[in-house]
Amino acid sequence: MSSLAAERQPRLASQVAADTTGGDVAVELRDVTKTFGQVHALKEATLCVRRGELMTLLGPSGCGKSTLLNLIAGFLAPDRGELEIDGHRVNDTPPYKREIGMVFQNYALFPHMSAADNVGYGLRMRRLAKQEVGRRVADALALVRLSGIEERRPHQLSGGQQQRVALARALVISPKVLLLDEPLSALDRSLRASMQVEIKEIQRQLGVTTLFVTHDQGEALSLSDRIAVMFDGQIHQIGSPAEIYRRPKDRLVASFVGDVNVLRARLGSIDRTTATISLGGQSIPVASEPLAGCKPGDRADLFVRPEQLHLSETGELVAAQGTVTTHIYQGGHVDLYLLSPVAAGGRLLVRSSEPDAITRWPVGAAVGVTVSGADALAFPPQDDKP
Amino acid sequence: MTSQPFLRIFVAPGALAALALLAALATVLQYSLRLYVPGSLEAGGFTLANFTALLKPLYARVFLETVWISFLTAALTLLVAYPVAYALVHTQSRLTKAAILITAITPLFLGEVVRTYSWMAVLGNNGFVNSLLLALGLIDRPLQIMFTRAAVVTALVHVTLPVMVIMLAAALSHIDPNYAKAAQSLGAGPIRTFFTVTLPLSMPGVVAGVTTAFAWTFSAFATPQLIGGGRVNMIANLVYQLGLASFNFPFAASLSVAGLALTLATLGLVRLATRPLDKLGPP
């Protein structure tokens, strides 16, 4: 990684760094609302993106994350609410005056221009001298490790190369904010993983404030400094990947980010800070906040990550019983699916890192399941939700 | 052949149609190479005289006039049609879209003669334009607009407009709107976005539209006949006069053949000149 960084030329980095003095808030939205006809695409969204951070907007399609990105870019105007970039209100600023770098899902490279002309476009619009444009374009292409393809047209480049040209084109103008709209979704899996690393490295190196839209929770967890999880036009939770994964604020976030098992259980006890859930022979401590208003004996749904479930012989002390139905060998771990009556969907997913899990718990075996760790969460039951 | 069993069935009718068209063309071609016998509808023996006669200044002028009118019409139609097509593709309002479509496309269903008559009503000495200018006191006497090249070109632009609008709208609607968004995010205002991105990407449509308009206008007959009134003559008008007024079929045929050759040559030139533009346009 260090050798990569050394190869890259530092000029761009210093240009961006020069802009990053001043406050620590790069983008701020206050109660921003946007409707399309009857559809509320965004409902009173409030969001603060810190200078230099990489924030992911994560959510299923139609959740409003792209609307949010287009509002920041200026392609859409908010119905209500305030939008600030670098402390200046930009509600009425047209996109071409916002100093935004944007990478589109399909890259939108100009097909009638060479790679170098694509990258230099923003600089030419700023009426920079020809030599300066040439130098900065070369720097930007070196930054994304694409030197040597300057004269090629977009259709002569591979998907990964187009992606890099698009990134270079957005970065070369030293944008105040870099916006990435599902930029990796068109790439195959292995290329996507390496581009994730690369985008993260470049982002760190330049310190450019970045908003990354994705529906892929794995991508969000691995890339982000912070994640904003959105559903149905609303931001449900903003936090670090670990916070989002370990302490999701509600059922939707818990179900969307990472794999999760939902077990039907009952509330054992509850006070101001902690509660316990009784499930089979186990009593599991959980945070009491999401269960506010519930009484001991009420039904509650226990949310447990697959790696927090452990298999054992059946017995009195286990939380649940089940029958092994499928093994999925994943290399570093094994995913075991169990049929279990307490699971909300009828099935449990147990992630075991034991090398002999497949032989020890064969298909058809009756097993006991115990819950471990302090990260279990419980929410009041929601009958319309499986 | 075996992989496409239906192809055989279409060969016979296809060949028949092609043969009929070729026969018509061959008839014109053979007439153009035969001697004119004054006072007779029959043509005489083989001669090249019809083609050498075409070189006379009188006829050469009509050829040049035709090229010039076709060029003016194609260029002006492009200038008028482009904004219309752009608005048609980019307006969000369905009502505006419908209004543009109806006003721009309906002339297509009226037929050339009806449209040309309507222009006579507008451009005539007692027509709309002159009445308006007189009423406003801008002129004392009606202007002579009819029977001028400007009047012919105006009417021809109207005739050609619908096709050009359709072709340009098709080209514009195939341009990914993200290109314009990308240009704007990179600092290009609406005007520079248009000239650096939208216009170059629509060039294939522009070339196709201009070529079609040019070829179409080249063979125009009714509009120059009615609006030009004999004072503005294009090739088709000359062919008509020679063939159906003087009954000089061989000379009319040689004019037609030369006109066709000129059209093809011009289109070939346009094609060569616009080859560098092929690289433009959405992939």
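Structure first, text after, so check above.
Values in this document were obtained by computation on a predicted structure and should not be read as measured data.

1. Remarks on the interface of chain B and chain A
Then step 1. At the interface, 24 residues of chain B touch 23 residues of chain A.
Then step 2. Where chain B packs against chain A, one counts zero salt bridges.
Then step 3. Here chain B is connected to chain A by seven residue pairs in polar contact (both at pLDDT 80 or more).
Then step 4. Secondary structure elements with two or more residues in the side of chain B that touches chain A: α9 (177–185) and α10 (190–218) of chain B.

2. Side note on the sheet that holds strand β7 (residues 177–181) of chain A
All names here are of chain A.
Then step 1. The strand order β6-β7-β8-β3-β9-β10 describes an open sheet built from six strands, whose pairing is mixed. If you trace the sheet from one side to the other, it starts and ends with β6 (100–103) and β10 (234–239), each paired once. Ignoring strand direction, the axes of neighbouring strands in this sheet form an average angle of 20°.
Then step 2. Pairing of β6 with β7, which is carried by four bridges, proceeds in the parallel orientation. Paired with I100 across the strands is V177, a residue of β7.

3. Quick notes on the layout of surface pockets
Residue and element names in this part refer to chain B.
Then step 1. Taken as a whole, the largest pocket spans an internal volume of roughly 440 Å³.
Then step 2. In terms of lining residues, the largest pocket is bounded by 19 residues, among which Y86, H90, P177, A180 and T198 are the most central.
Then step 3. In terms of residue class, the lining of the largest pocket is made up of 11 nonpolar, six polar and two charged.

4. Examining the nonpolar core
Then step 1. By size, the foremost hydrophobic cluster in this structure holds 111 residues, and its most contacted members are I72(A), F110(A), Y121(A), L167(A) and L179(A).
Then step 2. It is helix α3 (residues 57–90) of chain B that provides the largest number of residues to this core, a total of nine residues.
Then step 3. If sequence neighbours within four positions are ignored, F110(A) has contacts with N118(A), Y121(A), P154(A), R169(A), Y179(B), A182(B), A183(B), L186(B) and V197(B).
Then step 4. The next biggest cluster of nonpolar side chains, apart from the first, holds 32 residues, and it includes V286(A), C294(A), V334(A) and V369(A).

5. Focus on the sheet that holds strand β2 (residues 39–50) of chain A
Residue and element names in this part refer to chain A.
Then step 1. One open sheet accounts for four strands, arranged β2-β1-β4-β5; its pairing is antiparallel. This sheet does not close on itself; its edge strands, each paired only once, are β2 and β5 (88–89).
Then step 2. Two elements, strand β4 (residues 80–85) and β5, share two bridges in a ladder whose sense is antiparallel. For I85, the partnering residue across the bridge sits in β5 and is H88.
Then step 3. Against the sheet, helix α3 (residues 65–73) touches β1 (25–36), β2 and β4, its axis set at about 120° to β1.

6. Remarks on the environment of A140(A)
Then step 1. Here A140(A) lies in helix α5 (residues 130–143).
Then step 2. Along the sequence, A140(A) and L171(A) sit 31 residues apart, while their C-alpha atoms lie 7.3 Å from each other.

7. A short note on the pattern of salt bridges
Residue and element names in this part refer to chain A.
Then step 1. For the structure on display, the rule yields 23 salt bridges over all chains.
Then step 2. Put simply, E84 and R30 hold a salt bridge, and the shortest N to O gap is 3.1 Å. Here R30 lies in strand β1 and E84 lies in strand β4, a separation of 54 residues in the sequence.
Then step 3. We classify E84 as buried; its relative accessible area is 17%.
Then step 4. We classify R30 as partly exposed; its relative accessible area is 32%.
Then step 5. Linking R89 and E82 is a salt bridge whose minimum nitrogen-to-oxygen distance equals 2.5 Å.

The rules we used
- Residues numbered from 1 in each chain as written.
- Chains lettered and ligands numbered in written order.
- Predicted model: local features only at pLDDT ≥ 70, side-chain atom pairs only at ≥ 80, totals over all residues.
- Heavy atoms only, no water.
- Contact = heavy atoms within 4.5 Å.
- Salt bridge = Lys/Arg side-chain N within 4 Å of Asp/Glu carboxyl O.
- Polar contact = N/O pair within 3.5 Å; in protein donor to acceptor, adjacent residues only side chain to side chain.
- Helix = DSSP H or I, 4+ residues; strand = E, 2+ residues; numbered from the N terminus.
- Pairing = 2+ DSSP bridges.
- Axes fitted to C-alpha atoms, helices over the stretch in contact; angles between N-to-C directions.
- 1 Å grid on protein atoms, 1.4 Å probe; cavity = no way out; pocket = protein on both sides within 12 Å on 5 of 7 lines; lining within 4 Å.
- Points joined across faces, edges and corners; volume = space filled by probe spheres on them.
- Nonpolar A, V, L, I, M, F, W, Y, C, P; charged D, E, K, R; others polar.
- Core = buried A, V, L, I, M, F, W, Y, C linked by side-chain atoms within 4.5 Å.
- Buried < 20%, exposed > 50% of the residue type's maximum accessible area, 1.4 Å probe, protein only.

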